[in-house]
Amino acid sequence: MKVLVPVKRVVDYNVKIRVKPDNSGVDLSNVKMSVNPFCEIAIEEAVRLKEAGTATEVVAVTVGSSASQEQLRTCLALGADRAVLIETDADAQPLGIAKALKALQEKEGAELVIFGKQSIDGDNSQTGQMFAALTGMPQGTFASEVKIADGRIDVTREIDGGLQTVSLKLPAVVTTDLRLNEPRYASLPNIMKAKKKPLDVVTPDELGVDLTPSVEVLSVEPPAERQAGIKVESVEELVDKLKNEAKVIS
Amino acid sequence: MALDRETLNQFITTLDRFVSDRLMPLEEQVSREDRIPPELISEMKDLGLFGMTIPEAYGGLGLTTEEECRVVRVLGRTSPAFRSVFGTNNGIGSQGLVMDGTEAQKSHYLPKMATGEIIGSFALTEPDVGSDSGAVKTSAVADGDDYVLNGTKRYITNAPEAQLFTVFARTDPDQPGARGVSAFLVDAGLPGITLGPNNRKMGQQGAHVCDVIFEDCRVPKSAIIGGPENLNRGFATAMKTLDRGRLHISALAVGCANRLIEESVAFATERTQFGQPIADFQLIQAMLADSKAEAYAAECMVLDAARRRDAGEAVTTLASCCKLFATEMVGRVADRAVQIHGGAGYMEEYAVARFYRDVRLFRIYEGTSQIQQTVIAKGLIRDLT
């Protein structure tokens, strides 16, 4: 079984991001970039499926600039067999990315496509779902557990207030939640081996897709600064304020 | 083989994350329990940390000195006890074997040391043998095809965990100094070896040190590092491992200093006194600035000396300069870090109190600061005359 894992290059989760002064976006100059953490969970799950003998090949793919090769190399070091970069300098958006991935999937014919549930930069949580809709594949989103047997995949989903388990017929789409697994650290020997694994570059043109953005970002604002707290004189005053000002109790 | 920049950067990025996400959260627990969780040690093995300096031909990573220093600097950002787990396998516990061992010895031990299956430990120091390391009293007396070892080794790092000791013992009682000493590879399971109780140390809890006592312990003559022709040449083997080891400790000191500075800056910007963050006060700023400038100076020294060693230069004097400056530097940085933290710096809740104790060892082991000074001065005088 071939597993396709789309990943995204994002600002590292440890970086304290700064918004550009003109509010056009986030300042990316000299900022450490990494594989989106949810995508890393997706890679880890695919590699575990391979180690368990369920998957035969793990292919990592990303849509982005040539700098994204760095993140694909990380995926190869974590255990992916090969990688594909769909190279574009355009500001790719979920719909465009989903279309490009659909075109790649037509060539690859993966039986399972594992996405991260969302990227920590855009927070869209759209690409996996759009890809499933475009390809007509069944989807199990926000997975905290997956089990594959008899041409089906059972996906336990984290939903508000509990868990839901769905059974999908392969080929299928899964998006990963935080608790699906804990990704490993790449060892130096595996980082060295990753250099020798194949990394193919294709263009959106070659795949016959148009990545022109259809959504325009109007402005990006940093979170509002927290106001300083106040000190109250008595319990009665506290209860009064919680009731009438903050309106958190009634 | 030197790694390309991208590969080394990726490894360092991975390690940095391992340090931040896995090791740093456990520092306090390891210190309290004096024990490193076994699953963490397995993760270190998987990462290849036990075989960083062991040649690739024997299953190690074969890092250059500069690469090793860059990696160790990252590992220095967390408790030195973690590094101590694999420290001897990359340093004094394996390098004698790497540099002077016979092919049979290397292929027997090194692949297992590279994976961490065998922990190596270096047994030179004795109750009466410290800085005067050539005055070894432990004896090795030839008896048929064997040598019989008798004596006590003191403060032996990783001895409770070790499967293999590099033991320095006097094979020629008529030569009182360093010339009558040979280095033996001794399996820890041999009869006649007992371990003392773990020493209770000032810091670095989680790393274990104890006495190793040899009583009529028989080892084959083939156990001499480099074979029988290296009889009475063990001290030269010990000295050869020192340059690289001293650079390793220097890089570790730089890493610890960086962590202490991070902690100090974080505290100083949060803590307010007289209505403003203490980081706004120039006397606090002076301490931060001195620490940063000194840590940066030590870092530049270490990387320069490491590159020169990799290029084939003799760096004994420079390695001693690095060890002297970097370890004294981290002592000052730790002292300032506690001072910046004020009363909090004296409390166990803050990492700086623990680091203050941990880094104290760096000025002592693998050659005290005073030994480094004499090595440097003697080197200068020798070069002139």
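Structure's up top.
Procedures and definitions
- Residues numbered from 1 in each chain as written.
- Chains lettered and ligands numbered in written order.
- Predicted model: local features only at pLDDT ≥ 70, side-chain atom pairs only at ≥ 80, totals over all residues.
- Heavy atoms only, no water.
- Phe/Tyr/Trp six-rings, centres within 6.5 Å; stacked < 30°, edge-to-face > 60°.
- Helix = DSSP H or I, 4+ residues; strand = E, 2+ residues; numbered from the N terminus.
- Lys NZ or Arg CZ within 6 Å of the ring centre and 35° of its normal.
- Pairing = 2+ DSSP bridges.
- Axes fitted to C-alpha atoms, helices over the stretch in contact; angles between N-to-C directions.
- Contact = heavy atoms within 4.5 Å.
- Buried area = accessible area lost by both parts, 1.4 Å probe.
- Salt bridge = Lys/Arg side-chain N within 4 Å of Asp/Glu carboxyl O.
- Polar contact = N/O pair within 3.5 Å; in protein donor to acceptor, adjacent residues only side chain to side chain.
- Nonpolar A, V, L, I, M, F, W, Y, C, P; charged D, E, K, R; others polar.
- Buried < 20%, exposed > 50% of the residue type's maximum accessible area, 1.4 Å probe, protein only.
- Parallel < 35°, antiparallel > 145°, perpendicular 65-115°, else oblique.
- Left-handed = near helix turned anticlockwise from the far one by under 90°.

**A look at the packing of aromatic side chains**
Enumeration according to the criterion identifies eight aromatic pairs over all chains in this entry. Aromatic pair F267 of chain B and Y350 of chain B: ring centres 5.7 Å apart, planes at 85 degrees, arrangement edge-to-face. Placement of the pair is F267 of chain B in helix α9 (residues 242-270) and Y350 of chain B in the loop between α11 (316-341) and α12 (351-358), with a sequence separation of 83 residues. The residue whose ring lies beneath K117 of chain A is F142 of chain A, and the NZ or CZ to ring-centre distance is 5.6 Å.

**Let's talk about the sheet that holds strand β6 (residues 112-116) of chain A**
All names here are of chain A. Sheet architecture is open: nine strands sit in the order β9-β8-β7-β10-β6-β1-β4-β5-β11, paired in mixed fashion. Two strands lie at the open edges of the sheet, namely β9 (162-169) and β11 (199-202), each paired on one side alone. On average, adjacent strands in this sheet sit at an angle of 30 degrees to one another, irrespective of strand direction. As paired elements, strand β4 (residues 57-64) and strand β5 (residues 82-87) share six bridges and run parallel to each other. When the bridges of β5 are listed, V63 appears paired with I86. Running at roughly 150 degrees to β6, helix α1 (residues 37-51) makes contact with β1 (2-6), β4, β6, β7 (139-149) and β10 (172-176) of the sheet. Across the face of the sheet, helix α2 (residues 69-78) comes into contact with β4, β5 and β11 while running at roughly 165 degrees to β5.

**Points about the interface of chain B and chain A**
How large an interface is tends to be reported as the accessible area lost when its parts come together. Each partner contributes to the interface: chain B provides 19 residues, whereas chain A provides 16 residues. Summed over both partners, the interface of chain B with chain A comes to about 1,600 Å²; 60% of that surface belongs to carbon and sulfur atoms. At the surface where chain B touches chain A, the tally comes to three salt bridges. In this structure, K195 of chain A engages D4 of chain B in a salt bridge whose closest nitrogen and oxygen atoms are separated by 3.5 Å. Linking chain B to chain A there are five residue pairs in polar contact (both at pLDDT 80 or more). Secondary-structure elements contributing two or more residues to the side of chain B that touches chain A are α1 (5-23) and α3 (38-47) of chain B. The biggest single contributor to the side of chain B that touches chain A is α1 of chain B, with ten residues. Looking at the side of chain B that touches chain A residue by residue, the class counts come to seven nonpolar, four polar and eight charged.

**Points about the pairing of β9 of chain A**
All names here are of chain A. Looking at chain direction, strand β8 (residues 152-159) and β9 are connected through eight bridges and run antiparallel. Bridge assignment links I153 to a residue of β9, and that residue is L168. Here β8 folds back onto β9, and the loop between the two strands holds two residues, one of which, G161, carries a positive phi near 80 degrees.

**Points about the pairing of β10 of chain A**
Residues and elements named next belong to chain A. Most of β10 sits inside the fold, with five of its five residues counted as buried. Note that β6 and β10 share five bridges and pair parallel. The residue of β10 that forms the bridge with L112 is A172. In this structure, β7 lies alongside β10, joined through three bridges in parallel fashion. Note that in β10 the partner of A143 across the bridge is T176.

**Looking at the packing of helix α3 (residues 94-108) of chain A against helix α4 (residues 127-135) of chain A**
Residues and elements named next belong to chain A. Here α3 crosses α4 at 50 degrees, and the two axes come no closer than 8 Å. Viewed along their axes, α3 and α4 adopt a mutual orientation that is oblique. Regarding α3 and α4, the two cross each other, and that crossing is right-handed. The segment α3 lies against α4, with P94, L95, I97, A98, K99, L101, K102 and Q105 engaging T127, M130, F131, L134 and T135. For the contact of α3 with α4, the residue count by class is eight nonpolar, three polar and two charged.

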